[in-house]
Amino acid sequence: MIKSTLNKIRVFDAGFRIFFLLASFYAICSVLAWGAIYGFGLSFPIWPDQILWHGYEMMFGYTMAVIAGFLLTAVPNWTKGQHVSSWPLAALAMLWVLGRVFNWFNVLPPITSILINTAFPVCLALVIAKPLWRHKSLRNLPFVVLLLCMGFLGLNLQASALLDITILNPHTSLYVALCCILMIITIIGGRVISIFTANAYKRKNLIYTTIQIPWLTTISILCILLWTLTIIYTGFDSSATGWVSLIVAIPFAIRWFFWQKKWHHWQWPLVWVLHVAYLWIVLGFIALGYANITSNLSYFIPLHMFTLGGIGTITLGMMTRVSLGHTGRSLETPPLITISYVCLQVAIIARTLCPIIIPQLYIEWVIFSAVLWSISFATFLWVIVPILIKPRVHY
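These remarks concern the structure in this document. (Residues numbered from 1 in each chain as written. Predicted model: local features only at pLDDT ≥ 70, side-chain atom pairs only at ≥ 80, totals over all residues. Heavy atoms only, no water.)

### Thoughts on the overall build of the protein
This is how the line gets drawn: Helix and strand labels come from DSSP, where a helix needs a run of H or I of at least four residues and a strand needs a run of E of at least two; each type is numbered from the N terminus. The globule rule used here is 2.2 Å times the number of residues to the 0.38 power, and the radius of gyration it is set against is calculated over C-alpha atoms. Burial classification: accessible surface area is computed with a 1.4 Å probe over protein chains only, and a residue below 20% of its type maximum counts as buried, one above 50% as exposed, and the rest as partly exposed.
Counting its secondary structure elements, the protein contains 14 helices and zero strands. The N-to-C order of helical and strand elements in the protein reads α-α-α-α-α-α-α-α-α-α-α-α-α-α. A compact globule built from 395 residues should have a C-alpha radius of gyration of about 21 Å, and the protein, at 20 Å, falls within 12% of that. Seen through its principal axes, the protein has C-alpha atoms that stretch 55 × 55 × 40 Å. The buried share among the 395 residues of the protein stands at 58%.

Have a look at this one:
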């Protein structure tokens, strides 16, 4: 009976439906909670280090939910297979939800939260590994490896924070998790940003010829690997990491400039949001280089260029595009979605640039940014919920 009921609920038809809903809702809850923690002294009993809790929930909570929604949708397209749906999808979503509940409320021993949160990326990796291996989709197997790495990093971080069992410094685990996520963005962004841009020009009867440079993608990936190893051995805020960050910025910046052959796409929100996201990552590498080498800037500024700017913007943009495209809707940006994008960009500026200009209002900027982030995702949810809970449109 449960299986029959789940088959009638549209949010369990495909991974993007349920996980994009969960991610967007959680983006609001977790960031508002962090604003209350940072600005007003609220605390949760289960996590002694509140900064680690915030970082963990944004990386392994919000971002992992978006990654799950994307991969559970993309893998069937890559392998021409069936979507994970009904009760297996519901079980995977419940695993994610339980991880969030146990990280917020001290209702069970910490080991329970650790095991459940570790199980989610591992189970997701196993779910996508089977069809990828069966169809010899070797170029996509790195996603399985990255998910397993995320599982280990989350396990190490929680074991250190909650049980005082440490293999790798918990803050380093968080930064290496950032590296894994940026690696995913590097691979996927390199594939889709130029293609989505070209498709947008084609819909407007304009010509946009992409410049395909495979070695640039390879160099970008190798640079991220070098950056990751440098962070592990010297720390996120070391001068060595700063110099490597400037090196990494070069192929990323070249890649971004190659996508700017024409400027018409800055009129189309569904396209420019992806270009802006990648630009924030480039700026993050440059800013981290400056911060670590000169010590004239807090490394939290470039950190939030990566997370709030790069990850936040590209996940919001990809959730919009996937939700519209995979439900049969037109790839024209609804006005409220554009407002959502703009609110997010103002939130990023408030969190990264404004504290540099008026540092004495740092806490106020953090709270203001958290509120704007939440408004952005609330606006997004207002538009996207009816799309995700209703059947696919057929023209």
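### Details of the pattern of salt bridges
Basically, it comes down to this: The rule for a salt bridge is simple: a side-chain nitrogen of Lys or Arg has to be within 4 Å of a carboxyl oxygen of Asp or Glu.
This model, assessed by the stated rule, comprises two salt bridges. In this structure, the salt-bridge partner of R10 is D13, at a minimum N-O distance of 3.2 Å. Take R10: its relative accessible area is 35%, and that puts it in the partly exposed class. Two residues, R100 and E57, come together in a salt bridge whose shortest N-O distance is 2.7 Å. Pair noted here: R100 is in helix α4 (residues 86-104) and E57 is in helix α3 (residues 50-79), with a separation of 43 residues, a long-range link. The residues R100 and E57 share a single accessibility class, namely buried.

### Focus on the packing of aromatic side chains
Selection rule: Here the aromatic set is Phe, Tyr and Trp, taking the six-membered ring for Trp, and pairing holds for ring centres within 6.5 Å; pairs whose planes are under 30 degrees apart are stacked, those over 60 apart are edge-to-face, and all others are tilted.
In the structure shown here, the tally under the stated rule is 30 aromatic pairs. On the basis of an interplanar angle of 45 degrees and a centroid distance of 6.3 Å, the ring pair of W104 and F105 is categorised as tilted. Given a relative accessible area of 14%, W104 falls into the buried group. A ring pair is formed by W227 and F285, whose centres lie 5.0 Å apart and whose planes are at 75 degrees; its orientation type is edge-to-face.

### Observations regarding the side chain of R191
We count it as follows: Charged-residue counts in this description rest on Lys and Arg as positive and Asp and Glu as negative, His and the chain ends being excluded. By definition, residues are in contact when any of their heavy atoms lie within 4.5 Å.
Examined against the element boundaries, R191 turns out to sit in helix α7 (residues 170-203). It is D13 that comes nearest to the buried, bridge-free R191 among opposite-charge side chains, at 25 Å. Contacts of R191, omitting those with residues within four sequence positions, involve W78, R139, N140 and F143.

### Section: the environment of L178
Residue position: L178 is located in helix α7. On the basis of relative accessibility, which here comes to 0%, the residue L178 falls in the buried class. Put simply, L178 and S245 are 67 residues apart on the chain and 14 Å apart in space, counted from C-alpha to C-alpha. Those residues in contact with L178 that lie beyond four places of it in its chain are M59, W227, F236, L303, F306, T307 and I311.

Geometric descriptors of this kind do not, in isolation, establish any biological role.
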